Amino acid sequence: MTDGMKRRTILKTVAAIPVAGTLFLLASPFLRYLRPTLKPLDILGKSDQPLAEEPVPKFKDSDFPDAWTCIPFMFYQKYIEYNPEEKEVRTIPGFIVKLPNNDIVAYSRICPHLGCIFNFVKDPNECAKGYNFKPNGPVFACPCHLSVYDIAQGGKVVSGPAPRPPRKFEIKRDGDNIEILSLEAGSIA
Ligand code: FES
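Not measured: the values here are computed from a predicted model.

Definitions and cut-offs
Residues numbered from 1 in each chain as written. Predicted model: local features only at pLDDT ≥ 70, side-chain atom pairs only at ≥ 80, totals over all residues. Helix = DSSP H or I, 4+ residues; strand = E, 2+ residues; numbered from the N terminus. Buried ≥ 20, exposed ≤ 12 C-beta atoms within 10 Å, placed from the backbone. Pairing = 2+ DSSP bridges. Axes fitted to C-alpha atoms, helices over the stretch in contact; angles between N-to-C directions. Contact = placed C-beta atoms within 7 Å. Core = buried A, V, L, I, M, F, W, Y, C linked by C-beta atoms within 7 Å.

Engineer: Please clarify how the overall build of the protein should be interpreted in this entry.
Structural biologist: Regarding its fold elements, the protein presents 2 helices and 11 strands. Helices and strands in the protein line up, N terminus first, as α-β-β-β-β-β-β-α-β-β-β-β-β. The burial tally for the protein puts 20% of its 189 residues in the buried class.

Structure, rendered in structure tokens:
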């Protein structure tokens, strides 16, 4: 390469830097719209997913001596907000339940129909009296419009107007310890 060619290559490279920078700045809001991140220009960073806020609900295996032991809890979900506190915390009530096959599952208690807080109803006869439907086993049942969710079938709607099962929490099991990690993606209800 002659000296002249080398100079031209260097000049072209230097001239391209502001163009590339401008393109990056123009593309950044669009990329951020597609994948919201914690910082405005951090387009490759962690996205703004809601996170668990302390205190995270924790349980022990021994808290669940029998099948259908059901424990209510509160989960705090933190959203990144561009306000002075840099976050907004929402409180989500949940139930954690031991199934007959020893699995432990946790659900948000917010009814997917119109957002009431539903109950755990262990006795099918009680459900028949209070919620107009006799299930085969313990259920979640909503007092507002009588939606009933079959816990043994993954929260399947077995009666009432609810459009889908309640949202599940992700759980981490580590030996005897059980921790609620996060709520299934989507809206709170
Ligand atoms: S809000 Fe629960 S059934 Fe309507």
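Engineer: Sorry if this is basic, but what is going on with the sheet that holds strand β5 (residues 104-108) here?
Structural biologist: Pairing in this open sheet of 4 strands is antiparallel, and the strands run β1-β3-β4-β5 from one edge to the other. Every other strand in the sheet has two partners, leaving β1 (51-53) and β5 as the edge strands with one partner each. Each neighbouring strand pair of the sheet contributes to a mean axis angle of 45°, computed without reference to strand direction. Sheet topology note: the β1/strand β3 (residues 70-79) ladder contains 3 bridges and is antiparallel. In the sheet register, Leu51 faces β3, and the bridge partner there is Lys78.

Engineer: Would you take a moment to explain the sheet that holds strand β10 (residues 169-174) for this structure?
Structural biologist: Across a sheet, strands are paired by hydrogen bonds formed along the backbone, either parallel or antiparallel in direction. On the basis of which strands lie adjacent, the open sheet formed by 3 strands has the order β2-β11-β10 and antiparallel pairing. Every other strand in the sheet has two partners, leaving β2 (58-60) and β10 as the edge strands with one partner each. Sheet twist, expressed as the average angle between the axes of neighbouring strands with direction ignored, equals 30°. Across 3 bridges, the pairing between β2 and strand β11 (residues 177-183) is antiparallel.

Engineer: Where do I start with the pairing of β10 in this structure?
Structural biologist: For a regular strand, side chains alternate in direction, first toward one face of the sheet and then toward the other. In terms of strand pairing, β10 meets β11 through 6 bridges, oriented antiparallel. Bridge pairing links Arg173 to Ile178 in β11. Count of turn residues in the β10/β11 antiparallel hairpin: 2 residues, of which Gly175 carries a positive phi of about 65°.

Engineer: Teacher, can you tell me more about the environment of Phe95 here?
Structural biologist: The topology assignment puts Phe95 in strand β4 (residues 88-98). Along the sequence, Phe95 and Phe169 sit 74 residues apart, while their C-alpha atoms lie 9.4 Å from each other. Residues in contact with Phe95, not counting those within four places in the same chain, are Cys70, Pro72, Ala106, Tyr107, Arg109 and Phe120.

Engineer: Looking at this structure, how should I read the pairing of β4?
Structural biologist: Both β3 and β4 contribute to a ladder of 10 bridges, which runs antiparallel. The residue of β4 that forms the bridge with Tyr76 is Thr91. Inspection of the sheet shows β4 paired to β5 by 5 bridges, in the antiparallel sense. Note on β5: the bridge partner recorded for Ile96 is Ala106.

Engineer: Help me understand the nonpolar core, please; the structure alone is not making it clear to me.
Structural biologist: Nonpolar side chains in soluble globular proteins tend to be buried together. Membership of the largest hydrophobic core comes to 24 residues, with the highest contact counts inside it found for Ala106, Cys127, Val139, Phe140, Ala141, Val148 and Phe169. Residue assignment for this core shows that the elements contributing at least two residues are β4, β5, α2 (124-131), β7 (139-141), β8 (148-150) and β11.

Engineer: Would you mind going over unusual backbone geometry with me for this structure?
Structural biologist: Generally, phi is negative for residues other than glycine and the peptide bonds are trans, each holding for most cases. Glu54 connects to Pro55 through a cis peptide bond whose omega is -5°. Within the element layout of this structure, Pro55 appears in the loop between β1 and β2. The backbone of Trp68 sits at a positive phi, close to 70°, despite the residue not being glycine. Note on placement: Trp68 falls in the loop between β2 and β3. Overall, Trp68 belongs to the partly exposed group, with 15 C-beta atoms counted inside 10 Å.

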